[in-house]
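# Breakdown of the fold
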Amino acid sequence: MTKNNSISVTVKLFADLRIYGPDRTVLALQEGSTIKSILKRYKIPKDDKNLIIMVNGRPHIQSDFVLGDGDTVAIFPIIAGG
Amino acid sequence: MGGLGSPCSLYLTAAGIKELTIIDNDVLDLSNLQRQILYNETQVGRDKAEITKEVLSNLNSEIQIKTYKDYIDENSIKKYLKGQDFIVDCSDNLQTKFLVNKVAIENNMKCVIAGIKDFYGQIITINPKKSACYQCVFPDPEKDSIDPNAGPLPVIGVTPGILGTLEALEVIKTTLGLPNLYDNLLMVNLLDLSFNKIQVVKDEKCICSK
């Protein structure tokens, strides 16, 4: 954990979610921050039906998930075409 | 056989895969030719299943090509599973991708599933009950709110060309016991030409863990 009760979280955006930010960013967040705070920061619509969020490779993460120091968050869409 | 299935079937046939069973209910439309490289203008209006058999048999006469004009759904897919070692999803809709994942797990068959849109693609290879499956990564559209009936997606023809080729590569590597995409989702971005693997942890509550 970094100073002042902040945590370091790596955020990775994939495919067309790159319109919201760079492919990889390391953020310093307040301890207790949730996925919701990341979506807000990047202005990603949290009700996007095709949005998939993983934390450290674990799927089905909800927006109220509390992040920990060193977590990696991957955000990507489900892609249906063929 | 669409944008994914065209390159995938061509490479598997050229590689000498012993037997290919292909199911497609579609008729070739002129608009398909931008990405479906199995076909040409003279074949527009014909059944894709019929053309596919001709094209692939001409490419490699030593392998068995079986094609069927049929829809894939919960009932029909069971008819085609017998004797198969591997399922390759080349569909253009989420229902079929989830169905392929489910029957692969139920029948203990390895499978590869890919999807494309615009310049983007994703692909995962699944070893049933051992590696993370498609539903470990993506929520079941019947239980969640993903719209399974979303309209046609925009696509650059090269995108399914690359993802379909990667599907063939995964079949060949998996069959040979070489490193593959088990427990990883590969995200392909052809705008910035990046290939990124996202490691996936198997979901203990998923259908593949039961």
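So, here is what we can say about the structure in this document. This structure is a prediction, so every number in the text was calculated from the model and none was measured. (Residues numbered from 1 in each chain as written. Chains lettered and ligands numbered in written order. Predicted model: local features only at pLDDT ≥ 70, side-chain atom pairs only at ≥ 80, totals over all residues. Heavy atoms only, no water.)

## Focus: the overall build of chain B
- Counting its secondary structure elements, chain B contains 6 helices and 7 strands.
- Seen in sequence order, chain B has helices and strands lined up from the N terminus as α-β-α-β-α-β-α-β-β-α-α-β-β.
- For the C-alpha atoms alone, the extent of chain B along its principal axes is close to 50 × 40 × 35 Å.
- The 210 residues of chain B split such that 51% are buried.
- Partitioning the contacts of chain B with sequence separation of at least 6, the portion at a separation of at least 24 is 62%.
- In chain B, the 22 positive side-chain charges and the 27 negative ones have mean positions that sit 6 Å from each other. (Helix = DSSP H or I, 4+ residues; strand = E, 2+ residues; numbered from the N terminus. Buried < 20%, exposed > 50% of the residue type's maximum accessible area, 1.4 Å probe, protein only. Contact = heavy atoms within 4.5 Å. Lys, Arg positive; Asp, Glu negative; His and termini not counted. Charge placed at Lys NZ, Arg CZ, Asp CG, Glu CD.)

## Some remarks on the overall build of chain A
- Summing up its helical and strand segments, chain A has 1 helix and 4 strands in all.
- Secondary structure of chain A in N-to-C order comes out as β-β-α-β-β.
- Evaluated residue by residue, chain A yields a buried proportion of 49% over its 82 residues.
- The long-range share in chain A, meaning contacts at least 24 apart out of those at least 6 apart in sequence, stands at 54%.
- Approximately 4,300 Å² of chain A is accessible, and the part contributed by carbon and sulfur atoms is 46%.
- Put simply, chain A has 11 plus and 8 minus side-chain charges, and the middle of one group is 4 Å from the middle of the other. (Areas by Shrake-Rupley, 256 points an atom, 1.4 Å probe, with all protein chains shown as cover.)

## What to know about the pattern of salt bridges
Residues and elements named next belong to chain B.
- For the structure shown, the criterion picks out 12 salt bridges over all chains.
- For Arg46, the salt bridge identified is with Glu54, shortest N-O distance 2.6 Å.
- What makes Arg46 partly exposed here is its relative accessible area of 25%.
- Taking the relative accessible area as the measure of exposure, Glu54 reaches 35% and is therefore partly exposed.
- Salt bridges linked by common partners bring Arg46, Glu50 and Glu54 together as one network. (Salt bridge = Lys/Arg side-chain N within 4 Å of Asp/Glu carboxyl O.)

## Concerning the sheet that holds strand β1 (residues 6-13) of chain A
Residue and element names in this part refer to chain A.
- In spatial order, the strands read β2-β1-β4-β3; together these 4 strands make up an open sheet with mixed pairing. Of all the strands in the sheet, the pair left with one neighbour each is β2 (24-30) and β3 (51-55). Each adjacent strand pair in this sheet contributes to an overall mean axis angle of 25 degrees, direction not counted.
- Pairing of β3 with strand β4 (residues 72-77), which is carried by 5 bridges, proceeds in the antiparallel orientation. (Pairing = 2+ DSSP bridges. Axes fitted to C-alpha atoms, helices over the stretch in contact; angles between N-to-C directions.)

## Quick notes on the side chain of A:Asp71
All names here are of chain A.
- With respect to the helices, strands and loops of the structure, Asp71 is situated in the loop between β3 and β4.
- A distance of 2.6 Å separates the side chain of Asp71 from the backbone nitrogen of Gly68, its partner in a polar contact.
- With residues near it in sequence (within four places) discarded, Asp71 still touches Ser8, Val9, Thr10, Val55, Asn56 and Phe65. (Polar contact = N/O pair within 3.5 Å; in protein donor to acceptor, adjacent residues only side chain to side chain.)

## Brief notes about the interface of chain B and chain A
- Tallying the contact residues gives 37 residues for chain B and 21 residues for chain A.
- In total, about 2,200 Å² of surface goes out of reach between chain B and chain A, with carbon and sulfur atoms giving 66% of it.
- Among the ionic pairs, A:Arg18 bridges to B:Asp192, the shortest N-O distance being 2.7 Å.
- Our count for the chain B to chain A interface comes out at 12 residue pairs in polar contact (both at pLDDT 80 or more).
- Going through the elements one at a time, α4 (94-106), β4 (110-117), β5 (120-126), α5 (134-137), β6 (184-189) and β7 (194-199) of chain B are the ones with two or more residues in the side of chain B that touches chain A.
- Here the side of chain B that touches chain A is composed, by residue class, of 20 nonpolar, 12 polar and 5 charged. (Buried area = accessible area lost by both parts, 1.4 Å probe. Nonpolar A, V, L, I, M, F, W, Y, C, P; charged D, E, K, R; others polar.)

## Concerning the environment of A:Gln30
All names here are of chain A.
- Along the chain, Gln30 falls in strand β2.
- Here Gln30 falls in the exposed class, since its relative accessible area comes to 58%.
- Separated by 36 residues in sequence, Gln30 and Val66 place their C-alpha atoms 11 Å apart.
- The contact partners of Gln30, leaving out residues within four places of it in the chain, are Asn5, Ser6 and Ile7.

## As for helix α2 (residues 48-59) of chain B
Residue and element names in this part refer to chain B.
- Along its 12 residues, α2 runs 16 Å from first to last C-alpha, staying within 8% of the 16 Å computed at 1.5 Å per residue.
- For α2, every residue scored as buried is listed here: Lys48, Ala49, Ile51, Thr52 and Leu56. Seen along its axis, α2 keeps its buried residues to an arc of 160 degrees; they face one direction.
- On its buried side, α2 packs onto α1 (5-15), β1 (19-23) and β2 (64-68). (Expected span 1.5 Å × (residues − 1). Arc of directions from axis to C-beta.)

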